[in-house]
Amino acid sequence: MSDDGEKKESLILRVHRFLGPLAGGYILDAVDLASYGPLGIGGLFVGALAGWWVSFAYPTLSTRWRLLGALFAGVYCMTPFTEFVPLATIVAVISRLKRK
């Protein structure tokens, strides 16, 4: 019976490892879409907060890398004409497909 539990846990962990980064990319793209329009610099702060929050899905990241990721997420959400291109999700999918 413990063998089934280990298989289920293994499957759950594998699904989490695969879908986790995709969910992070989707969240950043949703924030980017929501910051569309005249918010301008507001996208930087909202995107950075979202990036910081998403970085907690990766417990091995140091604070330095989390801050850098938050900065990149903020700049991404502030950049014009990225609202309708799900770039964060595309990058997450490609990184998951290339990873073993």
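Residues numbered from 1 in each chain as written. Predicted model: local features only at pLDDT ≥ 70, side-chain atom pairs only at ≥ 80, totals over all residues. Heavy atoms only, no water.

Draft legend 1. Geometry of the overall build of the protein. Counting its regular elements, the protein contains four helices and zero strands. Each helix and strand of the protein, placed in order from N terminus to C terminus, yields the pattern α-α-α-α. Buried residues in the protein amount to 27% of all 100 residues. Considering only contacts in the protein between residues 6 or more positions apart, those separated by 24 or more positions represent 66%. (Helix = DSSP H or I, 4+ residues; strand = E, 2+ residues; numbered from the N terminus. Buried < 20%, exposed > 50% of the residue type's maximum accessible area, 1.4 Å probe, protein only. Contact = heavy atoms within 4.5 Å.)

Draft legend 2. Quick look at the nonpolar core. If you look at the biggest cluster of nonpolar residues, it comprises seven residues: Leu28, Val31, Ala50, Ala73, Tyr76, Cys77 and Ala88. Secondary structure elements with two or more residues in this core: α1 (2–34) and α3 (63–78). Tallying contributions element by element places α3 first for this core, with three residues. Excluding anything up to four places from it in sequence, Ala88 contacts Gly25, Leu28, Asp29 and Tyr76. (Core = buried A, V, L, I, M, F, W, Y, C linked by side-chain atoms within 4.5 Å.)

Draft legend 3. Examining a nonpolar patch on the surface more closely. Together, Tyr58, Leu61, Trp65, Leu68, Leu71, Phe72 and Val75 give the surface a local cluster of nonpolar side chains, amounting to about 650 Å² of exposed area. Classification of Phe72 by relative accessible area gives exposed; the value is 56%. (Patch = residues over 30% accessible without salt bridge, like charges linked within 9 Å, V, L, I, M, F, W, Y side chains within 5 Å. Areas by Shrake-Rupley, 256 points an atom, 1.4 Å probe, with all protein chains shown as cover. Salt bridge = Lys/Arg side-chain N within 4 Å of Asp/Glu carboxyl O.)

Draft legend 4. Quick peek at unusual backbone geometry. Located in the positive-phi region is Phe81, a residue other than glycine, with phi close to 65°. Position of Phe81 among the secondary structure elements: in the loop between α3 and α4 (87–98). In this structure Phe81 comes out as exposed when scored by relative accessible area, which is 76%.

Draft legend 5. Just the packing of aromatic side chains, in detail. Scanning the model with the defined rule gives one aromatic pair in all. Both rings, one in Trp52 and one in Phe56, keep their centres 5.4 Å apart while their planes meet at 85°; by these two values the pair is edge-to-face. Judged by its relative accessible area of 46%, Phe56 is partly exposed. (Phe/Tyr/Trp six-rings, centres within 6.5 Å; stacked < 30°, edge-to-face > 60°.)

Draft legend 6. Local environment of the packing of helix α2 (residues 42–55) against α3. Look at α2 against α3: their axes get within 7 Å of each other, and the N-to-C directions meet at 140°. By the angle between their directions, the pair α2 and α3 is classed as oblique. Classified by chirality, the crossing of α3 by α2 is right-handed. Where α2 approaches α3, its residues Gly43, Leu44, Gly47, Ala48, Gly51, Trp52 and Ser55 are matched on the opposing element by Thr63, Arg66, Leu67, Ala70, Ala73, Gly74, Val75, Cys77 and Met78. Its residues assigned to classes, the contact of α2 with α3 shows nine nonpolar, six polar and one charged. (Axes fitted to C-alpha atoms, helices over the stretch in contact; angles between N-to-C directions. Parallel < 35°, antiparallel > 145°, perpendicular 65-115°, else oblique. Left-handed = near helix turned anticlockwise from the far one by under 90°. Nonpolar A, V, L, I, M, F, W, Y, C, P; charged D, E, K, R; others polar.)

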